[in-house]
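Topology and contacts: notes
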Amino acid sequence: MNVKEKILKNKLPLHIAIIMDGNGRWAKKKGNRRIFGHKSGVKAVKETVEAAGEIGIKYLTLYAFSTENWNRPKVEVDALMSLFISAVKNETENLIKNNVRMKAIGNLETLPNSVLENLNEIIDKTKDNTGLTLILALSYSSRQEITNAVTKITKKITSGEISIENINEEIISDHLYTNEFPDPELLIRTSGEFRISNFLLWQISYSELYFTDTLWPDFSKEDFFNAVYNFQQRERRFGKTSEQLPDKK
Ligand code: IPE
Ligand code: IPE
Ligand code: MG
């Protein structure tokens, strides 16, 4: 039986987040420039979006560009920005056809206008779609997101809209970029790095983490299904004992 058939439909993660890493090393290994790796990574994005749709995942967040990535050489940053535009343009029809709803999180105002316009256009064109919600993290920093939330909440306290006694986890979640999405149950990182790199720090507090050595451009549907299957083999205890879990009674 292939791994896709082994996936249990009643135990799917609602939300999967992916740190798509390893494009540069993939290209270097082939004797190419880093940007070739980014271009090849677009194919892996398509495969992953399709795979998520095939098994009925509801939310997929892809870390495409961090605020720290602005510190890369200008040629690479420019090439990535152009790539975001062309990928969005080329994929719009497909996403509409596949009932995908596009969203974006991050400090989006810092993106070049051309990227932002294309992004807003696809978000608008797909806003009524009811299938997979595809969330692109662009110019994203989790610490910045949390800092923004603190600022917003403090302003509301000052204006009397929220009282200090009412601050709770839900209010904090409601002021993050991700306020309309559930927390991811599964976080995947490719390329053999074991770190979070400033991604969804609040939201992954109880996520299952899955690391694979596969470099992002090589990430296939099968790799995606393997991660989901692996997730389903885990016992999520949330602090309880194994015996307390409902399916153990
Ligand atoms: C991930 O691949 C893509 C982005 C961060 C934009 P990298 O470009 O980080 O590739 P490596 O990690 O250097 O191989
Ligand atoms: C994380 O990858 C950001 C994205 C995948 C967009 P990086 O390659 O930038 O992370 P570090 O530098 O290895 O932590
Ligand atoms: Mg990297």
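Residues numbered from 1 in each chain as written. Chains lettered and ligands numbered in written order. Predicted model: local features only at pLDDT ≥ 70, side-chain atom pairs only at ≥ 80, totals over all residues. Heavy atoms only, no water.

1. Observations concerning unusual backbone geometry
Residue S139 is not a glycine yet carries a positive backbone phi of 50°. Overall, S139 belongs to the buried group, its relative accessible area being 1%. (Buried < 20%, exposed > 50% of the residue type's maximum accessible area, 1.4 Å probe, protein only.)

2. A short note on the site of ligand 2
Looking at ligand 2, the residues that line it are I19, M20, D21, Y63, A64, F65, N69, R72, R189, R195 and S197. Measuring from an oxygen atom of ligand 2, one finds a side-chain N or O atom of R72 at 3.3 Å. Considering ligand 2 on its own, with 390 Å² of exposed area, one finds that the protein chains cover 77% of that surface. Among the cavities detected, the one that contains ligand 2 is the largest pocket. Sort the elements by how many residues they give to the shell around ligand 2 and strand 2 (residues 59-66) lands first, with 3 residues. Across the shell around ligand 2, the residue classes break down as 5 nonpolar, 2 polar and 4 charged. (Near = heavy atom within 4 Å. Polar contact = N/O pair within 3.5 Å; in protein donor to acceptor, adjacent residues only side chain to side chain. Areas by Shrake-Rupley, 256 points an atom, 1.4 Å probe, with all protein chains shown as cover. 1 Å grid on protein atoms, 1.4 Å probe; cavity = no way out; pocket = protein on both sides within 12 Å on 5 of 7 lines; lining within 4 Å. Sits in = over half its atoms within 2 Å of the grid points. Helix = DSSP H or I, 4+ residues; strand = E, 2+ residues; numbered from the N terminus. Nonpolar A, V, L, I, M, F, W, Y, C, P; charged D, E, K, R; others polar.)

3. Points about the sheet that holds strand 5 (residues 186-189)
Pairing is parallel in the open sheet, where 6 strands are placed in the order 3-4-2-1-5-6. Strands with a single pairing partner mark the edges of an open sheet, and in this sheet they are strand 3 (101-105) and strand 6 (208-211). Across the sheet, the mean angle from the axis of one strand to that of its neighbour is 20°, orientation sign disregarded. Taken together, the 4 bridges between strand 5 and strand 6 define a ladder with parallel strand orientation. In the strand pairing of strand 6, I188 is matched with Y210. (Pairing = 2+ DSSP bridges. Axes fitted to C-alpha atoms, helices over the stretch in contact; angles between N-to-C directions.)

4. A short note on the packing of aromatic side chains
This structure, assessed with the given rule, holds 12 aromatic pairs. With 6.2 Å between their ring centres and 85° between their planes, F65 and F84 make a pair best called edge-to-face. One end of the pair, F65, is in strand 2; the other, F84, is in helix 4 (residues 74-97), with 19 residues separating them in the sequence. Note on F65: relative accessible area 0%, which makes it buried. Plain terms: the ring middles of Y206 and F238 are 4.8 Å apart, the flat faces sit at 55° to each other, and that makes the pair tilted. Linking Y206 in the loop between strand 5 and strand 6 with F238 in the segment after helix 8 (221-232), this pair joins segments that are 32 residues apart in sequence. Given a relative accessible area of 45%, F238 falls into the partly exposed group. (Phe/Tyr/Trp six-rings, centres within 6.5 Å; stacked < 30°, edge-to-face > 60°.)

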